[in-house]
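# Remarks on the overall topology
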Amino acid sequence: MSQSVDRALDVLDAVSAASAPVPAKVLARQLGYSLSTVYEILGTLTARGHLVRTPGGYALGYRVPALHQAFQRQMQLDDAVHALLLRARREAGADTYFSTYRDGAIAVLAGNAAVPSTGGFTVGRDLDGHATAHGKVLLSALPRAARMRYLTGTGMRAITPRTITSPARLDAELLRVRREGVAVEVEECAPGVACVAVPVPAAAGGRAMTAVSAAVPLEDFHRRRAQLTGTLRHVAAEAAKLAARHRGAGAASTASGG
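Parameters at a glance
Just so you know, the residues in each chain are numbered from 1, in the order the chain's sequence is written. Predicted model: local features are reported for residues with pLDDT of at least 70 only, side-chain atom pairs are reported and counted for 80 or more only, and whole-chain, interface and lining totals are derived from all residues. Derived side-chain values reflect all non-hydrogen atoms in the structure, with water molecules and hydrogen atoms excluded from consideration. Two strands pair under a simple rule: DSSP has to find at least two bridges between them. To qualify as a helix, a DSSP run of H or I must reach at least 4 residues; to qualify as a strand, a run of E must reach at least 2; elements of each kind are numbered from the N terminus. The axes are straight lines fitted to the C-alpha atoms, using for helices just the contacting stretch, and the angles between their N-to-C directions are given from 0 to 180°. Whether two residues are in contact is decided by their heavy atoms, any of which lying within 4.5 Å being enough. Two rings belonging to Phe, Tyr or Trp (six-membered ring only in the last case) form a pair when the distance between their centres is within 6.5 Å. Interplanar angles under 30 degrees mark stacking, angles over 60 mark edge-to-face geometry, and anything in between is tilted. Only protein chains enter the calculation, and the probe is 1.4 Å; a residue is then buried if its accessible area is under 20% of its type maximum, exposed if over 50%, and partly exposed in between. Charge-over-ring placement is defined geometrically: NZ (Lys) or CZ (Arg) within 6 Å of the ring centre, and within 35 degrees of the ring normal. For the charge count, each Lys or Arg is scored as positive and each Asp or Glu as negative, with His and the chain ends excluded. By convention in these notes, a salt bridge is any Lys or Arg side-chain nitrogen within 4 Å of a carboxyl oxygen on Asp or Glu. Any N or O atom pair separated by 3.5 Å or less is treated as a polar contact, with the protein-specific requirement of one donor-capable and one acceptor-capable atom, and with residues adjacent in sequence counted only for side-chain atom pairs. When we speak of the arc, we mean the arc of directions from the helix axis to the C-beta atoms.

### A short note on the sheet that holds strand 4 (residues 105-112)
With antiparallel pairing, six strands are arranged side by side in an open sheet as 5-4-3-8-7-6. Two strands close off the open sheet at either side, each with one partner strand: strand 5 (124-126) and strand 6 (183-186). On average, adjacent strands in this sheet sit at an angle of 30° to one another, irrespective of strand direction. As defined by bridge partners, strand 4 adjoins strand 5 across three bridges and the pair is classed as antiparallel. The residue of strand 5 that forms the bridge with valine 108 is glycine 124. Most of the contacts of helix 5 (residues 79-92) go to strand 3 (residues 95-102), to which it runs at about 140°, and overall it touches strand 3 and strand 4.

See the structure below:
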């Protein structure tokens, strides 16, 4: 059963990564599965609405947006958060993102970016938190043991010549991030790109487990760094207020249900 689930998810991932519908034969060749196995998986995923069959092959189905909406609801990413990112992009003139640390992983949950995005950043799990500004903010808030578990699990690969790959150097950088309340990376994750990130203030006694960030071409970074940081701090403060309202609404719902 586990192997069947893995294969189904492999097919779904392969279709989602494609820029156009994918024929079953291409999927079988790409994944190294028999054509009969791929057809069986495609039939199940299509019947459940996760994929659709088109004249050109298989594409993501109409069930996928519903899953995304459910994910956003569970992560408390309502329209107000997206509106904040849009406003930040307009004010800062930069691609903006909302990220989190949860269950040992760092992920970009939402973004408002040009197409293609600056530096190629996308929504999804971030396996290179040591090299991203939002990753540094989130890692800086973790106890050292949790931080080392993350870094051990993902590694500290050298994406560019400027990527920090030494745990000791990263610890020193994260100490500065905690002290100043802002993280910066310059060409550590993508050549010609710089990013700034700030934590979303946590509830009293809590750790900052979310962050907002912006990515800009390197030539714009030095003259606009202060503006970007100021805009992100304002957005982070507004995001904290939204989170507080969510917690208040959740507490009220629990009380009324009890």
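Additional details are given in the paragraphs that follow.
### Comments concerning the packing of aromatic side chains
Each pair of aromatic rings is reported with the distance of its centres and the angle of its planes. Scanning all chains against the criterion turns up one aromatic pair. Both rings, one in tyrosine 97 and one in phenylalanine 121, keep their centres 6.4 Å apart while their planes meet at 75°; by these two values the pair is edge-to-face. With tyrosine 97 in strand 3 and phenylalanine 121 in the loop between strand 4 and strand 5, this residue pair connects regions lying 24 residues apart in the sequence. Of the two residues, tyrosine 97 and phenylalanine 121, neither departs from the other in class, the shared state being buried. For arginine 7, the ring lying beneath its charged end belongs to tyrosine 33, and the centroid distance is 5.1 Å.

### Some details on the side chain of glutamate 185
On the secondary structure map, glutamate 185 appears in strand 6. Among buried charged residues, glutamate 185 stands out as having no salt bridge; its nearest opposite-charge side chain is lysine 136, 6.3 Å away. Engagement of the side chain of glutamate 185 in a polar contact is seen with the backbone nitrogen of glutamate 187, the distance being 3.5 Å. With sequence-adjacent residues up to four places away left out, glutamate 185 is seen in contact with Phe121, Ala131, Thr132, Ala133, Lys136, Val193, Ala194 and Cys195.

### Structural notes on helix 7 (residues 144-154)
Buried within helix 7 are the following residues: Ala146, Arg147, Tyr150 and Leu151. Seen along its axis, helix 7 keeps its buried residues to an arc of 135°; they face one direction. Summarising the geometry of helix 7, the exposed residues directed more than 90 degrees from the buried face are Arg149, Thr152 and Gly153. Tucked into the core, helix 7 has its buried residues touching strand 3, strand 4, strand 5, helix 6 (133-140) and helix 8 (167-180). Within two residues after helix 7, glycine 155 carries a phi angle of roughly 80°, on the positive side.

### A few points about helix 6
With respect to burial, helix 6 is a largely interior element, eight of its eight residues being buried. Among all positions in helix 6, only Ala133, His134, Gly135, Lys136, Val137, Leu138, Leu139 and Ser140 are buried.

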